[in-house]
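Analysis of the macromolecular model
Single-letter residue listing:
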Amino acid sequence: MFIFSLVILIIIAIVIAIFMLFFYRLLGLFTIIIAAIIASLTIMMNVVFGIAMGPDILAIMFVIIGMVMDLSIVLFEAFKNNIYRDKRPITSAFKISNRETL
């Protein structure tokens, strides 16, 4: 059952990565790179501190990656709205969207 749920979670992560690449292009690629770095750091800390890799660590890793993806989607949508709908320059749109989402 554990392997099955792990495979399903990996499939969901791949689908979300394709969604991010398709809709946000370069910003989506940056988000995928950040999520991969977070996942690798989580696994590396388990190796460094000698913690066994169990279902709880994998669940924590997927929750953290999900939070990163969710925050990125909200930030990018606010960024796109400020650029296209409100016709603001890129730098001010990025600053305003950061203030709105955080």
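Everything that follows concerns the structure shown earlier in this document.
Residues numbered from 1 in each chain as written. Predicted model: local features only at pLDDT ≥ 70, side-chain atom pairs only at ≥ 80, totals over all residues. Heavy atoms only, no water.

A tally of helices and strands in the protein chain yields 3 helices and 0 strands. Going residue by residue from the N terminus, the α and β elements of the protein chain occur as α-α-α. Relative to the compact-globule value of 13 Å for 102 residues, the protein chain shows a C-alpha radius of gyration of 16 Å, a clear excess of over 25%. Taken along its principal axes, the extent of the C-alpha atoms in the protein chain is 50 × 25 × 20 Å. The buried share of the protein chain, reckoned over its 102 residues, is 25%. Counted over contacts in the protein chain with a minimum sequence separation of 6, partners at least 24 positions apart contribute 54%. Summed over its atoms, the accessible surface of the protein chain is roughly 7200 Å², and 78% of this surface lies on carbon and sulfur atoms. (Helix = DSSP H or I, 4+ residues; strand = E, 2+ residues; numbered from the N terminus. Rg over C-alpha atoms; globule rule 2.2 N^0.38 Å. Buried < 20%, exposed > 50% of the residue type's maximum accessible area, 1.4 Å probe, protein only. Contact = heavy atoms within 4.5 Å. Areas by Shrake-Rupley, 256 points an atom, 1.4 Å probe, with all protein chains shown as cover.)

The α-helix advances 3.6 residues per turn, and as a result positions three or four apart in sequence lie on the same side. Between its terminal C-alpha atoms helix α1 (residues 2-49) stretches only 24 Å, short of the 70 Å expected from 48 residues at 1.5 Å a residue. The largest bend in α1 is about 145°, located at Tyr24. Within α1, burial applies to Ala17, Met20, Tyr24, Gly28, Thr31, Ala35, Ala39, Thr42 and Asn46. Of the surrounding secondary structure, the elements contacted by the buried residues of α1 are α2 (55-85). After α1 finishes, the residue Gly50 shows a positive phi value of roughly 70°. (Expected span 1.5 Å × (residues − 1). Bend = angle between axes of the 7 residues up to and from the residue.)

All right, on to α2 then. Compared with the 45 Å implied by 1.5 Å per residue over 31 residues, the 44 Å span of α2 between its first and last C-alpha is a close match. One or two residues past the end of α2 sits Lys87, with phi positive at roughly 55°.

Here we come to the packing of α2 against helix α3 (residues 90-101). Between α2 and α3, whose axes approach to 8 Å, the crossing angle comes to 135°. By the angle between their directions, the pair α2 and α3 is classed as oblique. Between α2 and α3 lies a crossing whose hand is right-handed. Taking contact as the criterion, the partners of Val74, Leu75, Ala78, Phe79, Asn82 and Ile83 in α2 are, on α3, Ile90, Ala93, Phe94, Ile96, Ser97, Asn98, Glu100 and Thr101. Of the residues contributing to the contact of α2 with α3, the split by class is 9 nonpolar, 4 polar and 1 charged. (Axes fitted to C-alpha atoms, helices over the stretch in contact; angles between N-to-C directions. Parallel < 35°, antiparallel > 145°, perpendicular 65-115°, else oblique. Left-handed = near helix turned anticlockwise from the far one by under 90°. Nonpolar A, V, L, I, M, F, W, Y, C, P; charged D, E, K, R; others polar.)

Okay, unusual backbone geometry next. You will see that Arg25, though not glycine, has its phi angle at about 50°, which is positive. Relative to the assigned elements, Arg25 resides in helix α1. You can call Arg25 exposed: its relative accessible area is 60%. You will see that Lys87, though not glycine, has its phi angle at about 55°, which is positive. Using a relative accessible area of 67% as the deciding quantity, one classes Lys87 as exposed.

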